[in-house]
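Report on the structure
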Amino acid sequence: RGVACFMKVVQTMSDEDGDDEDGQEPEQPVEIPLAKVGEESLRLILDFAEGKMKAAGPELADLKFSVVPRPLSGPLRETKSIAAEDAEFMDRVAEDLDRLIRLTNAVNFVDSPPLLELCAARIAQMLIGKTPKEIRDIFPEAFGAKHAEVTAF
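Structural notes, computed from the coordinates. (Residues numbered from 1 in each chain as written. Predicted model: local features only at pLDDT ≥ 70, side-chain atom pairs only at ≥ 80, totals over all residues. Heavy atoms only, no water.)

A word on unusual backbone geometry. The omega angle of the peptide bond from Arg-70 to Pro-71 is 0 degrees, so this bond is cis rather than trans. In this structure, Pro-71 sits in the loop between α2 (39-56) and α3 (84-93). If you check the backbone angles, Asp-111 has positive phi at about 60 degrees while not being a glycine. By the secondary structure assignment, Asp-111 is in the loop between α4 (97-110) and α5 (113-127). Here Asp-111 falls in the partly exposed class, since its relative accessible area comes to 34%. (Helix = DSSP H or I, 4+ residues; strand = E, 2+ residues; numbered from the N terminus. Buried < 20%, exposed > 50% of the residue type's maximum accessible area, 1.4 Å probe, protein only.)

Rendered as structure tokens:
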């Protein structure tokens, strides 16, 4: 349950179906529908959560999440309020843009605000200082044929 509780959708589902009247966990496992979350994205979410839990210790007393500054002024790894392991995790994920987009969508679906903030910040970091054309080149699927017709001069 511990790692899964980093995802609000899991918390909500397990709270609705989980505890028996006496506060004990149910004998039958609670089924959480995560069909919209791919295996790779789920593994990344769980890796992030496991890393946070390991760093916090057994009581989770030292559980800390990075705070993304606004406005974002530079790379995550150079931002003091971003933990080094969080910046490294996001750099590893962002090596593949499609993986970053899938993870962002998955994190949004499972409702994990700390990781969603990091994903959004990593995407924003990619856009800093870019022209609209450069942004369209980075995210071509976000700008379909209709958009091309509208922006063509």
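Judged by side-chain charge, Glu-95, Asp-96, Asp-98 and Glu-141 come together as a negatively charged surface patch. Here Asp-98 shows up in helix α4. (Patch = residues over 30% accessible without salt bridge, like charges linked within 9 Å, V, L, I, M, F, W, Y side chains within 5 Å. Areas by Shrake-Rupley, 256 points an atom, 1.4 Å probe, with all protein chains shown as cover. Salt bridge = Lys/Arg side-chain N within 4 Å of Asp/Glu carboxyl O. Lys, Arg positive; Asp, Glu negative; His and termini not counted. Charge placed at Lys NZ, Arg CZ, Asp CG, Glu CD.)

Attention now goes to α4. One full turn of an α-helix is made of 3.6 residues, so residues set three or four places apart face in the same direction. With 14 residues, α4 should cover 20 Å at 1.5 Å per step; its first-to-last C-alpha distance of 20 Å lies within 8% of that length. Taken as a whole, α4 has its buried residues at Arg-99, Leu-100, Leu-103, Thr-104, Ala-106, Val-107 and Val-110. Structurally, the start of α4 carries an N-cap: the backbone nitrogen of Asp-98 is 3.1 Å from a side-chain oxygen of Asp-96. Trailing α4 by a residue or two, Asp-111 shows a phi angle of about 60 degrees, which is positive. (Expected span 1.5 Å × (residues − 1). Polar contact = N/O pair within 3.5 Å; in protein donor to acceptor, adjacent residues only side chain to side chain.)

Attention now moves to the environment of Ala-49. The topology assignment puts Ala-49 in helix α2. Between the C-alpha atom of Ala-49 and that of Met-7, which follows or precedes it by 42 residues, the distance is 9.1 Å.

Where α2 meets α4, the closest approach of the two axes is 9 Å, and the angle between their N-to-C directions is 70 degrees. Taken together, the axes of α2 and α4 are roughly perpendicular relative to one another. Note that α2 runs across α4; the crossing there is right-handed. Contacts from Glu-40, Ser-41, Leu-44 and Ile-45 of α2 reach α4 at Arg-99, Arg-102, Leu-103, Ala-106, Val-107 and Val-110. Of the residues that constitute the contact of α2 with α4, the class distribution is 6 nonpolar, 1 polar and 3 charged. (Axes fitted to C-alpha atoms, helices over the stretch in contact; angles between N-to-C directions. Parallel < 35°, antiparallel > 145°, perpendicular 65-115°, else oblique. Left-handed = near helix turned anticlockwise from the far one by under 90°. Contact = heavy atoms within 4.5 Å. Nonpolar A, V, L, I, M, F, W, Y, C, P; charged D, E, K, R; others polar.)

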